Amino acid sequence: DQRRSSRILLADDSVTTRILLKNILQTAGYTVVDVADGDQAWKLLVGRAEDPEQSFDAVVCDVDMPRMNGFELTAQARNHHSTAATPMVLVTARGTDDDKRQGVRVGADAYIVKGSFDQQNLLNTLSQLV
């Protein structure tokens, strides 16, 4: 199973959401490293990108986070040579068309709205990207 070896970086400032998503991902067989904001996520993502044994296969992140939001994190990942191809999945409470367009503009591979959150949708999305 591909997921057994797939590493996911999870960034969300809500402890409750982070625990929920981490449990869903780990139960599905992913290895998950979780952080509380986009800045921590960026440092880990770029810091591990050069090492195939430690790099992340995808990033799942919130949009509204302190220090660096999910849009900024995605844009930075897309603009860095070692992380440009890393799948970026935004999972957010922001559900407006403008927000979704912004997610596409910065390079998100998927945009999942928490209000209509379906864990199977997240897992299906990841299995297509990883």
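Residues numbered from 1 in each chain as written. Predicted model: local features only at pLDDT ≥ 70, side-chain atom pairs only at ≥ 80, totals over all residues. Heavy atoms only, no water.

## Quick word on helix 4 (residues 97-106)
Taken together, the buried positions of helix 4 are D99, G103 and V106. On an axial view of helix 4, the arc spanned by its buried residues comes to 75°, and they lie on one face. Along helix 4, exposed side chains directed more than 90 degrees from the buried face belong to D97, D98, V104 and R105. Of the surrounding secondary structure, the elements contacted by the buried residues of helix 4 are helix 3 (70-78), strand 4 (88-92) and strand 5 (110-113). (Buried < 20%, exposed > 50% of the residue type's maximum accessible area, 1.4 Å probe, protein only. Helix = DSSP H or I, 4+ residues; strand = E, 2+ residues; numbered from the N terminus. Arc of directions from axis to C-beta. Contact = heavy atoms within 4.5 Å.)

## Considerations on the confidence of the model for the protein
For the protein, per-residue confidence averages 93 on the pLDDT scale, and residues scoring 70 or more make up 97% of the total. Across the protein, strand 3 (residues 58-61) holds the top mean pLDDT of 98, while helix 5 (residues 119-129) sits lowest at 94. (pLDDT = per-residue confidence, 0-100.)

## Let's talk about the side chain of R7
Inspection of the secondary structure assignment puts R7 in strand 1 (residues 7-11). Buried charge R7 goes without a salt bridge, the closest partner of opposite sign being D57 at 4.8 Å. From its side chain, R7 meets the backbone oxygen of E53 in a polar contact 3.2 Å long. Separated by 2.8 Å, the side chain of R7 and the backbone oxygen of S55 make a polar contact. With sequence-adjacent residues up to four places away left out, R7 is seen in contact with T31, P52, E53, Q54, S55, F56, D57 and A58. (Lys, Arg positive; Asp, Glu negative; His and termini not counted. Salt bridge = Lys/Arg side-chain N within 4 Å of Asp/Glu carboxyl O. Polar contact = N/O pair within 3.5 Å; in protein donor to acceptor, adjacent residues only side chain to side chain.)

## As for the environment of L20
Structurally, L20 is set in helix 1 (residues 15-27). The partly exposed category is assigned to L20, whose relative accessible area is 45%. Remark: the alpha-carbon pair of L20 and G115, spanning 95 residues in sequence, is separated by 14 Å.

## Remarks on the environment of T86
Mapped onto the fold, T86 is located in the loop between helix 3 and strand 4. For the pair T86 and F56, spaced 30 residues apart in sequence, the C-alpha to C-alpha distance is 7.5 Å. If sequence neighbours within four positions are ignored, T86 has contacts with L45, F56, D57, A58, V59, R78 and D109.

## Some thoughts on the pattern of salt bridges
The final tally for this structure, using the stated rule, is 11 salt bridges. One salt bridge in this structure joins R94 and D64, with 3.0 Å as the shortest N-O distance. Of this pair, R94 sits in the loop between strand 4 and helix 4 while D64 sits in the loop between strand 3 and helix 3, and the two are 30 residues apart along the sequence. Taking relative accessible area as the criterion, D64 reaches 37% and is therefore assigned partly exposed. R94 is the salt-bridge partner of D99, the closest N and O atoms lying 3.2 Å from each other. Relative accessible area serves as the criterion here: at 14%, D99 is assigned to the buried category.

## Details of the nonpolar core
Core analysis: the biggest nonpolar cluster contains 21 residues, and L9, L45, V59, C61, L73 and L90 have the highest contact counts within it. Broken down by secondary-structure element, the contributors of at least two residues to this core are strand 1, helix 2 (38-48), strand 3, helix 3, strand 4 and strand 5. Other than its neighbours up to four places away in sequence, L9 contacts V33, V35, A41, L44, L45, F56, A58, V59 and V60. With 17 residues, the next largest nonpolar core counts L10, V89, V91 and L126 among its residues. (Core = buried A, V, L, I, M, F, W, Y, C linked by side-chain atoms within 4.5 Å.)

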